[in-house]
Structures are given as C-alpha cells and as structure tokens.
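# Structural overview for review
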Amino acid sequence: MSLTLADVYEGLGGREAASALAAVSLGRFVIDSRQVAAGDVFVALPGTKHDGHDFIAAALAAGARAVLAHRLPAPGDGPALTVVRPQTEPPPTTVTGPVLFLVPDSLTALQQLAAYWRSRHTPTVVGITGSVGKTSTKELTAAVLRQRFPTLWSEGNLNNEIGLPLSLLRLEAHHRFAVLEMGFYVEGEIAQLCRWAQPHIGVITNIGPIHLERAGSMEAIFRGKSELVQALPADGYAVLNWDDPWVRRMAPLTRAALFRYGLSPEADLWADAIHSEGLEGIRFRFHRRLATGKEEVLHVHLPLLGRHAVHTALRAAAVGLIAGLAWEDIIAGLRDVHAQVRIEIVPGPRGSTLIDDTYNASPPSTIAALNLLADLQGRRIAVLGDMLELGSYAETGHRLVGGRAAAVVDELVTVGTLARWIAEEAARLGLPAARIHAVADAEAAFAVLQQIIAPGDFVLIKGSRALGLERLVQRLSLSEG
C-alpha cells in the first residue's frame, strides 16, 4: 500500500478523495529541498535560519510531486500548481502538474498526516528512549527483528517532533515491526510522540543528566522519559534497565508487562562473564529466566565494541525474545556489523588506529569509550571535546571524564572551553602536564596530533556534535604524517 495524494488529502482532514488523487502514488516526505527526488513530497517548514517555503521552487525543479506548505510561493516561482485546501475545499476532480496542499501550519499537518498513516497500518511499534544508547539500540534491535520480520526503523537519529513523523510516513503494509527512536528535551514531548506512533513495546536504556540544561532537573528527565512506559497498552511490554535505579522507578508507572534486563540475576535477561577483546568484540554469557523457573545460558562472541555494548545487546535480545524469535535469529542479528553505528575504526597517520566516536558525547558514553580504549594494547591517546547541554552538571561531568582519562591514556588532548575541566582533573589525578594538551578547536587539535601520533597508537576522538570533530577524523585519516 503506497501513500497517494488521496491519502494526504484525507489524512489532513478532508473527505474521501476523488479517484484523480487516488491514482497518484508518492515517494518519500522530505524537508530538505536538496534531498528531493522525483515523486517525493516536499514539506516546507520554517526554521531558525531558513524557511522551507523559500525553497518550494527548488523542490519542484528536483521533481517533487507534491508540497505541504502554509503559504503559497511567489507568483511565477516554479511550475503551475494544483492548490488543494483539504480542510475547507473538496478535492479536485482532475490533477495537472504538482499538487500543493495548503494548510494552516505545515509542521502540524506533517504530524497529523503521520498519525493518520500510522493508524492505517498494524505493525508492532518498538519505541526506544533513554539518555544514552538510543540510536545504537535502535539499530541493533532492528537488525535482530529483520532476521524474520519485515521491519522499518528510523533513519539516523530522526527522533523528534519532525523526525518521527517522517519515519512513520515510510510505513508500508508489509511491515510487521517499526523500531523508532524517541528523543527528549522537555516534559510532554515523548507523550506526544507516543500519541502518533502508538508503541506496543517500550525500551528504556538509562536515565542520566543528558540535556539537563534544558530539562531543568533529573526528576524532570525521569518524568519525561517515563512517558513512554505510561503510554504502553496493557498487553504491551516495558523493557527496563534493571541496573539503573532511575529506570527501576518506572516499573509501577506502566500497565504493560515488565521485561527486566541487566547484569544481575534479578533481571529476566542478564549477562555475566563479560570479557572485552578490544577491537575484536566482546564475549559474555546470556542468562534467561524461563516461566518454568529454569534458566537458559548462552555463550556468545559479538562484534560489538566496548563493555557498555553488553547492555545494548541485552536490549535488542529482549525485544527479539518478546517477538518470539529463536536464539539463532537473535544472535545472527546481534552479529550484524552494519548495526553498530556509533564507533568506527579508521586507519590513521603513521600506522595509527583512529577510534571515531564523534557521533555525540556525554559523561557516561565518554567514560564507556575510555573503557574501550583501556582494553587495547598499545599507546593510548584520547581527544575529548566539550560535552554540551549538561547544565549544572557540566563541571562534575567533565571532571568525572577527566578522572577516568587520567587512569587510561598516555596522551590527552582536550578541545573546547568546557573540556578544560577534563584536563584539570586529569592533571590533578597525576597525568603529567607534558602529556596534557588543552586546545581551543579541532584545528589546534590536528596540529598537536600531527606532533604526537606514533606508529601503533590508538587514538580515541569524541565530543559533542557541535564541535565537528568528525572533520578532524577525516583530516587525520587523509594525513600521511
């Protein structure tokens, strides 16, 4: 079942559409005119720097079949359009050229249409939220489910009031599962995402001081994240990290059945005997408590990097078990190397190895990355940038990272103003000052690394996305010396 012009008309509040609209199938919904391909729908959204309405002509020139907008383009700006007002006018009986759906607000219309399209389909929706690990959990869970079921999963980190509707509009009739990441900044946001997505399974990774600057307090973060488990139906499942005290507090807030995971036998699915083999992956044992009281034990070796990946594997396996998959299929999905999106291993200058973890940064994820670095045999260099949006936790979080860095690295390069707390704490805990390099930006970091990288070094690079450290990785990978 492909989405048609008639579906857009009806989903936006119109009556049953004429066959002229029903005959026209549509491609993707796109918010960037540069990404439009023939047959796509361009959604014109106002932004802080640019207004999508100014790029309607560019989208039509790229082949957009329809546009969703709340104002018309300037006369003569692009080809002739069939203008449709679905809330106030009957559908056209004939369609010539591209169609522009004129609505009161284009973002609200996108969300309304996504909720309508979701209601037309019957997949089991898996919602994933938490402070750290949402994207890697989403990718690994989808890798497990698609071993047996046609599965849709959100691209990249499309997890907000724009991204999640765009993901829902990719649903097709054959999809049995949809795995959707759900982000959080303020209370009420995840509840809204759940109203559109209608999740049946909710996965909570952890609760930490990420986005504390916006949320205001840990209690506010807890309340916001718990909106996912509160939205689950009585026949659903809440997959909870039983190692996290904040997540445990969610148990009485949901009508759904609990599925607990962690590193303790208290959980329904837990792991022990964990051994990191550095860049070769991890080994551990799965334990699953059965309804009979007996226990399944399974030894696994997975190509996942870092001990923290055990929790990611537990989450994905839990969803697989809820879905009725056999362990054979679950392990096959967990071994899908394409599902690990966060950390990439890249050849560096002079025979070094770059550990590219520039996807984003927080104190827990940075400490986890340092733990991976600690498992490697060789000289260890860490390039650590500012971790943003920590609010009142900023100094404490950066100093915690500095403490772990002091115990792990041979050379430390910090990038940015906040990261100087990492350097200060590492020095206080004994890392020699000659091995600490506090710089302002990625350009200065590149100059330092050009001087200190030696053959066989392992170089971890991590910081908040705003710092653009992925460009540092690219420069280093292309550098010969």
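Predicted model only: the values in this text are computed from it and were never measured.

Cut-offs applied
- Residues numbered from 1 in each chain as written.
- Predicted model: local features only at pLDDT ≥ 70, side-chain atom pairs only at ≥ 80, totals over all residues.
- Heavy atoms only, no water.
- Helix = DSSP H or I, 4+ residues; strand = E, 2+ residues; numbered from the N terminus.
- Buried < 20%, exposed > 50% of the residue type's maximum accessible area, 1.4 Å probe, protein only.
- Contact = heavy atoms within 4.5 Å.
- Areas by Shrake-Rupley, 256 points an atom, 1.4 Å probe, with all protein chains shown as cover.
- Lys, Arg positive; Asp, Glu negative; His and termini not counted.
- Charge placed at Lys NZ, Arg CZ, Asp CG, Glu CD.
- Arc of directions from axis to C-beta.
- Salt bridge = Lys/Arg side-chain N within 4 Å of Asp/Glu carboxyl O.
- Pairing = 2+ DSSP bridges.
- Axes fitted to C-alpha atoms, helices over the stretch in contact; angles between N-to-C directions.
- Right-handed = clockwise from strand over helix to strand, strands pointing away.
- Core = buried A, V, L, I, M, F, W, Y, C linked by side-chain atoms within 4.5 Å.
- Phe/Tyr/Trp six-rings, centres within 6.5 Å; stacked < 30°, edge-to-face > 60°.
- Lys NZ or Arg CZ within 6 Å of the ring centre and 35° of its normal.

Below, the discussion takes up the overall build of the protein chain. If you tally the helices and strands in the protein chain, you get 17 helices and 20 strands. Overall, the C-alpha framework of the protein chain stretches about 75 × 60 × 40 Å when taken along its three principal axes. Counting the 481 residues in the protein chain, one finds 56% classified as buried. Counting only contacts in the protein chain whose residues sit at least 6 apart along the sequence, the fraction spanning at least 24 positions is 65%. Put simply, the protein chain shows about 19500 Å² of open surface, and 51% of that area lies on carbon and sulfur atoms. When the 44 basic and 49 acidic side-chain charges of the protein chain are each reduced to a single mean position, those positions are 3 Å apart.

Looking now at helix α7 (residues 189-197). Listed in full, the buried residues belonging to α7 are Glu-189, Ile-190, Leu-193, Cys-194, Trp-196 and Ala-197. Seen end-on, α7 carries its buried residues on one side only, within an arc spanning 160°. Contacts made by the buried residues of α7 are with α4 (106-119), β6 (124-129), α6 (163-168), β8 (177-181) and α9 (218-231). Looking at the residues trailing α7, positive phi occurs at Gln-198, about 55°.

One pass over the structure, following the stated rule, counts 27 salt bridges. Residue Arg-71 is joined to Asp-51 by a salt bridge in which the shortest nitrogen-to-oxygen separation is 3.5 Å. With a gap of 20 residues between them, Arg-71 in the loop between β3 (66-69) and β4 (82-84) and Asp-51 in the loop between β2 (41-43) and α3 (56-61) connect regions that are remote in the sequence. Take Arg-71: its relative accessible area is 34%, and that puts it in the partly exposed class. Ionic pairing is found between Glu-187 and Arg-223, a salt bridge with its closest N-O pair at 2.9 Å. Of this pair, Glu-187 sits in the loop between β8 and α7 while Arg-223 sits in helix α9, and the two are 36 residues apart along the sequence. A relative accessible area of 41% places Glu-187 in the partly exposed class.

A word on the sheet that holds strand β12 (residues 269-276). What the nine strands build is an open sheet, ordered β7-β8-β6-β9-β10-β11-β12-β13-β14; its pairing is mixed. A strand with exactly one partner marks an edge of an open sheet, and here the two such strands are β7 (151-153) and β14 (295-302). Here the strands of the sheet are splayed against their neighbours by 15° on average, with no regard to which way each runs.

Counting buried residues in strand β17 (residues 380-385) gives six out of six residues, a clear majority hidden from the surface. Of the two faces of β17, the one lined by Arg-380, Ala-382 and Leu-384 and the one lined by Ile-381, Val-383 and Gly-385 are each fully buried. Pairing between β17 and strand β18 (residues 411-415): five bridges, direction parallel. Among the inter-strand pairings, Ala-382 is bridged to a residue of β18, identified as Leu-412. In this fold, β17 hands off to helix α14 (residues 394-408), which returns the chain to β18; that crossover is right-handed.

Moving on, we get to the nonpolar core. Phe-29 and Phe-101 are the most contacted members of the largest nonpolar core, which has 60 residues in total. Per-element accounting of this core gives the leading share, six residues, to α4. Phe-101 has contacts with Leu-5, Val-8, Tyr-9, Leu-12, Ala-66, Val-67, Leu-68, Ala-69, Val-84 and Pro-86, leaving out every residue within four places of it along the chain. Within the second largest apolar cluster, 38 residues are counted, among which are Phe-177, Leu-304, Leu-314 and Leu-325.

What follows is about the packing of aromatic side chains. Applying the stated criterion across every chain, the model contains four aromatic pairs. Note on Phe-222 and Trp-246: the rings are 5.9 Å apart at their centroids and 45° apart in plane angle, and the pair reads as tilted. Of the two residues, Phe-222 sits in helix α9 while Trp-246 sits in helix α10 (residues 245-248), which places them 24 residues apart along the sequence. Judged by relative accessible area, Phe-222 falls into the buried class, the value being 6%. Summarising the aromatic geometry, the rings of Phe-286 and Trp-327 are spaced 5.0 Å apart at their centres and angled 40° between planes, so their arrangement reads as tilted. Of this pair, Phe-286 sits in strand β13 (residues 282-289) while Trp-327 is found in helix α12 (residues 327-334), placing the two residues 41 residues apart along the sequence. Overall, Phe-286 belongs to the buried group, its relative accessible area being 0%. Sitting over the face of the ring of Phe-222, Arg-249 holds its NZ or CZ atom 4.2 Å from the ring centroid.

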